[in-house]
Amino acid sequence: MQAAVFDLDGVVTDTAKFHFQAWSKLAKEEFNLDLPASFETNLKGISRTESLEAILKFGDLLDKYSKEEVQNLANKKNDYYVEAISKLTKEDILPGITKLLTDLKANGVKLAVASASKNAPFILEKLGLAHVFDAVADPAKVNAGKPAPDIFLAGAKAVGVAPNQCVGVEDAIAGVSAIKAADMVAVAVGDKDELRQADCVVPTTRNFTYQLFSDVFDRYHK
Ligand code: BG6
Ligand code: MG
């Protein structure tokens, strides 16, 4: 294992809940639509615009808004979201992550971020982790979002490591598909059945250790 390529939201910090809260608020205010809790999974890993399209589709509203209106609605959601993530501090790093990053680094493993979020650099700054990662792939510069492999491939490239020497880390179904499509070993956190495409799924980030990553990589890499 020469590099670990991390998703950010829901893996390094629990921002997945803030995304869903912001979307729920927007959906209620703008469309008088209640998003069921089960909808959160559908929005993980996909871009801001794709998330809004999924919500509009759910409310049977897809044809009712112009491109410009969709853009304005997406901006509004982002304002709600940015308000929430502005309060993040290093206390919001998920359990086990700081030690995992330290141990990976100590073992010469490069660290990259492969998030669909345009807010990733801001969040890393807030968490005090901006200097810890060797590279942050820019989602605005890749052709296709998750489940396509592009953002994970960009993360590997940015740290100069071949994809088959990387472990990808995810909490989203679309993200695990992206890791596997990139020919990386996939470690996931969350529901074992939902994320069954991963090589290893653990219930919480507390279970993430250097040893686990190393063992899973040795067992499954191509
Ligand atoms: C991903 C989240 O990390 O980033 C998605 O899992 C989100 O839920 C996507 O839609 C885009 O984020 P942002 O911050 O650019 O709106
Ligand atoms: Mg995620």
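Just so we're clear, the structure is a prediction, and the values are computed from it rather than from any experiment.

Viewed as axis vectors pointing N to C, helix α3 (residues 48–58) and helix α4 (residues 67–85) meet at an angle of 110 degrees, and their least axial separation amounts to 10 Å. As judged from the angle between their axes, α3 and α4 are roughly perpendicular. Note on element contacts: α4 touches α3 through V70, L73, A74 and N78, opposite R48, L52 and L56. Each residue belonging to the contact of α3 with α4 can be placed in one class, and the counts come to five nonpolar, one polar and one charged.

For the pair helix α1 (residues 16–31) and α4, the least separation of the axes is 9 Å and the interaxial angle reads 135 degrees. Viewed along their axes, α1 and α4 adopt a mutual orientation that is oblique. Both α1 and α4 take part in a crossing whose hand is right-handed. Contacts from F18, H19, A22, W23, K25, L26, E29, E30 and F31 in α1 reach L73, K76, K77, Y80, Y81, A84 and I85 in α4. Broken down by class, the residue content of the contact of α1 with α4 amounts to ten nonpolar, one polar and five charged.

The next subject is helix α7 (residues 150–158). Within α7, the full set of buried residues consists of I151, F152, G155 and A156. For α7, the buried positions fall inside an angular range of 140 degrees around the axis, keeping them on one side. Each element contacted by the buried residues of α7 is listed here: β1 (3–6), β2 (110–113), β4 (166–170) and α8 (173–181). Once α7 finishes, G160 follows within two positions and takes phi at roughly 70 degrees, a positive value.

Moving on to the packing of aromatic side chains. By the definition in use, this model includes five aromatic pairs. Aromatic side chains F39 and F58 sit 4.9 Å apart centroid to centroid with 45 degrees between the ring planes, which places their arrangement in the tilted category. With a gap of 19 residues between them, F39 in the loop between α1 and α2 (40–43) and F58 in helix α3 connect regions that are remote in the sequence. Using a relative accessible area of 39% as the deciding quantity, one classes F58 as partly exposed. Seen in terms of ring centroids, F208 and F213 are 5.4 Å apart; in terms of plane orientation they differ by 85 degrees. Their pairing is edge-to-face. For F213, a relative accessible area of 0% corresponds to the buried category. Put simply, the rings of F6, F133, F208 and F213 pair up and form one aromatic cluster. One cation-aromatic arrangement involves K25 over Y80; the distance from NZ or CZ to the ring centre is 4.5 Å. Sitting above the plane of the Y81 ring, K77 keeps its charged end 4.5 Å from the centroid.

How each quantity is defined
Residues numbered from 1 in each chain as written. Chains lettered and ligands numbered in written order. Predicted model: local features only at pLDDT ≥ 70, side-chain atom pairs only at ≥ 80, totals over all residues. Heavy atoms only, no water. Axes fitted to C-alpha atoms, helices over the stretch in contact; angles between N-to-C directions. Helix = DSSP H or I, 4+ residues; strand = E, 2+ residues; numbered from the N terminus. Parallel < 35°, antiparallel > 145°, perpendicular 65-115°, else oblique. Contact = heavy atoms within 4.5 Å. Nonpolar A, V, L, I, M, F, W, Y, C, P; charged D, E, K, R; others polar. Left-handed = near helix turned anticlockwise from the far one by under 90°. Buried < 20%, exposed > 50% of the residue type's maximum accessible area, 1.4 Å probe, protein only. Arc of directions from axis to C-beta. Phe/Tyr/Trp six-rings, centres within 6.5 Å; stacked < 30°, edge-to-face > 60°. Lys NZ or Arg CZ within 6 Å of the ring centre and 35° of its normal.

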